[in-house]
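Results of the structural survey
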Amino acid sequence: MNSLNGKIAIITGGGAGIGHAIASLFAEQGAMVAAVVRSESSMRKWDGATGVVAVQADITQAEEIERLFADVERDLGKPDIVCNVAGINDLSFPVTETSDERWDAVMDLDLKAPFRICRRAIPGMVEKGSGAILNVGSYAALRGNHGPSYTAAKSGLIGLTRSIAVYYAKSGVRCNIINPGAVRTEIGTHSGGEYHPEGYKMFRGIVNELPVNWICDTNQIAPTALFLCSEEARHINGAVISVDGGMSAC
């Protein structure tokens, strides 16, 4: 218990799903958490919570990221931990039916926002001489059964993770990524519509035949995030870890 005692953490996607589960667990383990949410209704989920402050921000906007960090640094201090969790799915639209708007929406939230957040967080971590960044990717980064924008964004997130891990290792900053498999969340709702019927049919046709337990709850992802952001994982850097029940092994 209290493996994150005294740590300050920023966790995006803190209003629901994996981000909410990670924020809750980190607070239980002693961290002071800034849970980044998009809406007023998501903020209310944290009313009365101990160890969690909900911060509303649209992280696809550079000025909102700057405001987020300014508020956190003023009220809590410079973060020791950053978890980039927020993301949307491209709803399995194939490339020929992927509009520029869909591509840009996925890239802006799933890849560009983590890049900007890391860029903003790292100087403070370097100043402290330590820091842990955790990016949340996807099984989609390792296989081709999702739409092109989601697959490309999550694959790019692996590259971002490795580059940060190597360049800032001597400064005491670690960066790792976990790739969840299928997780029970509201991602379809938050991604702005219904799945592409043929794309979704293809995806389910593949995963339904996997000989593993390929779907889980968010609280089965959060413990891995906790470990990777704790001192117990201080020698783990640049790792790409699948938390998918064995999906990527098939």
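This is a predicted model, so every value here is computed, not measured.

What follows concerns the overall build of the chain. Helix and strand counts for the chain come out as eight helices and nine strands. At 17 Å, the chain has a C-alpha radius of gyration in line with the 18 Å of a compact globule built from 250 residues. With respect to the principal axes defined by its C-alpha atoms, the chain has extents near 50 × 35 × 35 Å. Here the chain, with 250 residues, has 50% of them falling under the buried criterion. Here the chain contributes 22 positively and 27 negatively charged side chains, and the mean placements of these two sets differ by 5 Å.

On to the nonpolar core, then. Inside soluble globular proteins, nonpolar side chains tend to come together where they are buried. Core analysis: the largest hydrophobic core is formed by 34 residues, its most contacted members being Ile10, Ile59, Leu68, Phe69, Ile133 and Ile164. Mapped by element, the contributors of at least two residues to this core are β1 (8–11), β2 (32–37), α3 (62–75), α4 (100–128), α5 (148–167) and β6 (173–180). It is α4 that provides the largest number of residues to this core, a total of nine residues. Sequence-distant contacts of Leu68, defined by excluding residues within four places in its chain, comprise Ile10, Val36, Val55 and Ala57. Of all hydrophobic cores here, the second largest spans 33 residues; its members include Phe26, Val33, Trp46 and Cys216.

Attention shifts here to the layout of surface pockets. Here the idea is plain: a probe the size of a water molecule rolls over the atoms and shows the empty space left. A volume near 190 Å³ is recorded for the second largest pocket. Lining the second largest pocket are 14 residues, with Ser130, Gly131, Ala132, Arg174 and Glu231 sitting closest to its centre.

Taken residue by residue, helix α7 (residues 197–207) has Gly199, Phe203 and Val207 as its buried positions. Seen from one end, α7 has its buried residues packed into an arc of 55°, which puts them on one side. Opposite the buried face of α7, by more than 90 degrees, sit the exposed residues Pro197, Glu198 and Lys201.

A surface patch of like charges, here negative, comprises Asp100, Glu101, Asp104 and Asp108. Along the chain, the position of Asp104 falls in helix α4.

Okay, the side chain of Asp71 next. For Asp71, the location among the structural elements is in helix α3. Given the relative accessible area of 18%, Asp71 is considered buried. A polar atom in the side chain of Asp71 sits 3.1 Å from the side chain of Arg74.

When you line up the elements, Pro148 lands in helix α5. Every residue in contact with Pro148, bar those within four places of it in the chain, is listed here: Asp90, Phe93, Pro94, Val95, Thr98 and Trp103.

We now examine helix α1 (residues 17–28). Here α1 spans 17 Å end to end across twelve residues, near enough to the 16 Å set by a 1.5 Å rise per residue. Every buried residue of α1 is accounted for by Ile18, Gly19, Ala21, Ile22, Ala23, Leu25, Phe26 and Ala27.

On to the pattern of salt bridges. Tallied over the full model, the rule gives ten salt bridges. Arg120 is paired through a salt bridge with Glu73; the nearest N and O atoms lie 3.1 Å apart. Placement of the pair is Arg120 in helix α4 and Glu73 in helix α3, with a sequence separation of 47 residues. Classification of Arg120 by relative accessible area gives partly exposed; the value is 21%. Using a relative accessible area of 26% as the deciding quantity, one classes Glu73 as partly exposed. For Lys128, the salt bridge is made with Asp80, and the minimal N-O distance between the two is 2.9 Å. With Lys128 in helix α4 and Asp80 in the loop between α3 and β4 (81–84), this pair connects stretches of sequence that are 48 residues apart. Judged by its relative accessible area of 38%, Lys128 is partly exposed. Through salt bridges with shared partners, a single network forms among Glu64, Arg67, Asp71, Arg74 and Asp75.

Read across the open sheet, the seven strands follow the order β3-β2-β1-β4-β5-β6-β9; overall the sheet is parallel. If you trace the sheet from one side to the other, it starts and ends with β3 (52–56) and β9 (240–243), each paired once. Adjacent strand axes in the sheet meet at a mean angle of 20°, parallel and antiparallel pairs treated alike. By the bridge criterion, three bridges tie β1 to β4 in an arrangement that is parallel. From the neighbouring strand, Ala9 faces β4, where its bridge partner is Ile81. The strands that α1 touches are β1, β2, β3, β4 and β6; relative to β1, the one it contacts most, it runs at about 170°. Helix α8 (residues 222–229) contacts β4, β5 (131–136), β6 and β9 of the sheet and is inclined by roughly 165° relative to β6.

About the cut-offs
Residues numbered from 1 in each chain as written. Predicted model: local features only at pLDDT ≥ 70, side-chain atom pairs only at ≥ 80, totals over all residues. Heavy atoms only, no water. Helix = DSSP H or I, 4+ residues; strand = E, 2+ residues; numbered from the N terminus. Rg over C-alpha atoms; globule rule 2.2 N^0.38 Å. Buried < 20%, exposed > 50% of the residue type's maximum accessible area, 1.4 Å probe, protein only. Lys, Arg positive; Asp, Glu negative; His and termini not counted. Charge placed at Lys NZ, Arg CZ, Asp CG, Glu CD. Core = buried A, V, L, I, M, F, W, Y, C linked by side-chain atoms within 4.5 Å. Contact = heavy atoms within 4.5 Å. 1 Å grid on protein atoms, 1.4 Å probe; cavity = no way out; pocket = protein on both sides within 12 Å on 5 of 7 lines; lining within 4 Å. Points joined across faces, edges and corners; volume = space filled by probe spheres on them. Arc of directions from axis to C-beta. Patch = residues over 30% accessible without salt bridge, like charges linked within 9 Å, V, L, I, M, F, W, Y side chains within 5 Å. Areas by Shrake-Rupley, 256 points an atom, 1.4 Å probe, with all protein chains shown as cover. Salt bridge = Lys/Arg side-chain N within 4 Å of Asp/Glu carboxyl O. Polar contact = N/O pair within 3.5 Å; in protein donor to acceptor, adjacent residues only side chain to side chain. Expected span 1.5 Å × (residues − 1). Pairing = 2+ DSSP bridges. Axes fitted to C-alpha atoms, helices over the stretch in contact; angles between N-to-C directions.

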